[in-house]
Amino acid sequence: MTGKTVLVTGAGGYIGSFVVRELLDLGLNVKAIDRNVSSIDSRAQQIDYNIFDGKSSVFQDLGKPDVLIHLAWRDGFVHNSPAHLENLNAHFNFLKSMVDGGLKHLLVMGTMHEVGYHEGEIDEETPTNPYSMYGVSKNALRQSLEIYLRDKDTVFQWLRAFYIFGDDVRSKSIFSKLIQANKEGKKSFPFNSGRNKYDFILVEKLAKQIALTSLQTEVRGIINCCSGEPVALGDVVEKFIQDNNLKIELNYGVYPDRPYDSPAIWGNNEKIKAIVENFNRQFV
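Predicted model only: the values in this text are computed from it and were never measured.

1. Looking at the sheet that holds strand 8 (residues 163-165)
- With mixed pairing, three strands are arranged side by side in an open sheet as 8-10-12. Unpaired on one side and paired on the other, strand 8 and strand 12 (230-232) mark the two borders of the sheet. Direction aside, neighbouring strands of the sheet carry axes that sit 60° apart on average.
- Along the sheet, helix 7 (residues 203-214) contacts strand 8 and strand 10 (197-202); its crossing angle with strand 10, the most-contacted strand, is approximately 75°.

2. Structural notes on helix 9 (residues 270-283)
- Its 14 residues place the ends of helix 9 20 Å apart at the C-alpha level, agreeing with the 20 Å of an ideal helix rising 1.5 Å per residue.
- Buried within helix 9 are the following residues: Ile272, Ile275 and Phe279. The arc enclosing the buried residues of helix 9, seen along the axis, measures out at 60°, which places them on a common side. In helix 9, the exposed positions angled more than 90 degrees off the buried face are occupied by Glu270 and Arg281.
- The inward-facing, buried residues of helix 9 abut helix 7 and strand 11 (221-225).

3. A closer look at helix 6 (residues 174-183)
- Along helix 6, the residues classified as buried are Ile174, Phe175, Ser176, Leu178, Ile179 and Ala181.
- Buried residues belonging to helix 6 abut strand 8, strand 9 (188-190), strand 10, helix 8 (233-243) and strand 13 (249-251).

4. Examining the sheet that holds strand 3 (residues 45-46)
- Overall, parallel pairing links the seven strands, which are arranged 3-2-1-4-5-7-11 in an open sheet. Edge strands, defined here as strands with exactly one partner in the open sheet, are strand 3 and strand 11.
- Here seven bridges tie strand 5 (residues 105-111) to strand 7 (residues 155-161), and the two strands are oriented parallel to one another. The residue bridging Val108 from the neighbouring strand is Trp158, located in strand 7.
- Set on the sheet, helix 4 (residues 88-101) makes contact with strand 1 (5-9), strand 4 (67-70) and strand 5; between it and strand 4 the angle comes to about 175°.

5. Describing the pairing of strand 10
- In the sheet, strand 8 pairs with strand 10 via three bridges, with the strands oriented parallel. Residue pairing in the sheet places Phe165 in a bridge with Leu202 of strand 10.
- Where strand 10 lies against strand 12, three bridges are found, and the strand directions are antiparallel. The residue bridging Asp199 from the neighbouring strand is Pro230, located in strand 12.

6. Comments concerning the nonpolar core
- Val8, Ile15 and Ile69 are the most contacted members of the largest nonpolar core, which totals 37 residues.
- Looking at this core, the element that brings in the most residues is helix 7, giving six residues.
- Once you skip the residues sitting within four places of it in the chain, Ile15 turns out to touch Leu71, Met109, Ile164, Val203, Leu206 and Ile210.
- With 28 residues, the next largest nonpolar core counts Leu95, Leu106, Val108 and Phe156 among its residues.

7. So, the state of the cysteines
- On inspection of all chains with the given rule, the structure shows zero disulfides.
- Unpaired in terms of disulfides, Cys225 finds its nearest cysteine sulfur in Cys226, a separation of 7.4 Å.

8. Remarks on the environment of Tyr49
- Within the element layout of this structure, Tyr49 appears in the loop between strand 3 and helix 2 (58-61).
- Counting along the chain gives 13 residues from Tyr49 to Leu62, while the straight-line C-alpha distance between them is 8.2 Å.
- When sequence neighbours within four positions are dropped, the list of residues in contact with Tyr49 reads Ile33, Lys55, Val58, Asp61 and Leu62.
- Within the local environment of Tyr49, its side chain forms a polar contact with the side chain of Asp61, the two groups lying 2.7 Å apart.

9. Digging into the pairing of strand 1
- Most of strand 1 sits inside the fold, with five of its five residues counted as buried.
- Here strand 1 shows no split at all, with Thr5, Leu7 and Thr9 on one side and Val6 and Val8 on the other all buried.
- Bridge count for strand 1 against strand 2 (residues 29-33) is five bridges, and the pairing is parallel. Bridge pairing in strand 2 places Thr5 opposite Asn29.
- Crossover connection from strand 1 via helix 1 (residues 16-25) to parallel strand 2: handedness right-handed.
- Direction of pairing for strand 1 relative to strand 4: parallel, over a ladder of four bridges. Opposite Val6, over in strand 4, you have Val67 as the bridge partner.

10. A look at a nonpolar patch on the surface
- A cluster of nonpolar side chains, contributed by Leu85, Met133 and Val136, occupies part of the molecular surface with about 210 Å² of accessible area.
- Turning to its location among the elements, Met133 is positioned in helix 5 (residues 133-148).

Calculation criteria
- Residues numbered from 1 in each chain as written.
- Predicted model: local features only at pLDDT ≥ 70, side-chain atom pairs only at ≥ 80, totals over all residues.
- Heavy atoms only, no water.
- Pairing = 2+ DSSP bridges.
- Helix = DSSP H or I, 4+ residues; strand = E, 2+ residues; numbered from the N terminus.
- Axes fitted to C-alpha atoms, helices over the stretch in contact; angles between N-to-C directions.
- Contact = heavy atoms within 4.5 Å.
- Expected span 1.5 Å × (residues − 1).
- Buried < 20%, exposed > 50% of the residue type's maximum accessible area, 1.4 Å probe, protein only.
- Arc of directions from axis to C-beta.
- Core = buried A, V, L, I, M, F, W, Y, C linked by side-chain atoms within 4.5 Å.
- Disulfide = S-S within 2.5 Å.
- Polar contact = N/O pair within 3.5 Å; in protein donor to acceptor, adjacent residues only side chain to side chain.
- Right-handed = clockwise from strand over helix to strand, strands pointing away.
- Patch = residues over 30% accessible without salt bridge, like charges linked within 9 Å, V, L, I, M, F, W, Y side chains within 5 Å.
- Areas by Shrake-Rupley, 256 points an atom, 1.4 Å probe, with all protein chains shown as cover.
- Salt bridge = Lys/Arg side-chain N within 4 Å of Asp/Glu carboxyl O.

All we've got here are geometric facts, nothing functional implied.
This is how it looks when you write it as structure tokens:
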């Protein structure tokens, strides 16, 4: 579509494999980096390169891409893993080196967990007070990049994702655990109250939002990649059980709700809606 080259880190991950496929379907040239390449679309150019080895020549080494979508992140499903803080500096240094080398367009994957406990809608001005190591690290990376890029000629888009589901065999979400429990013949599944409401988005739809964001430079800063609608966790899981014909029932109240989970939290989707609608007006 554009002739641009997009470099995707974490290209073989839960989100990355869908993003790579979406970019390729849109006609972009895609370079893909990940330790696990089994899920990367064969149309992409796979690159064997350690992005965290500290080389100042990384931008040149990776072929001077027009756009970088940085999705790589270890232990994303383990919110209090020590890896989040341990690897934070390496992420910042890699992205700094790419910008210093000449990168003009940077997208980085964020998370609703940057915000911490919050009741209601999240927009780009919502204060952040993360409650987990994952949230703390993502928030620190975003703030550091905002400061560093303040006087740089680089388009910066922070993609704040919410509650992602779909491709549930590969994820480590409640849905993948339900599938596994059902395979093991279990008849009940220990659950929390199920009352908390989240902003759910299918991983395929998230990938589309990320890909379309990378095609434009007008909408910048924090961009909520979400549906904009809060739905009760219990309702979504019950529907998942029904849609997939699982022979298992939820045992509500076994686990307490996490202290950093609010009764209802969702994203303001005005920015991402504008991006998608503008694309549809031009190309659909």
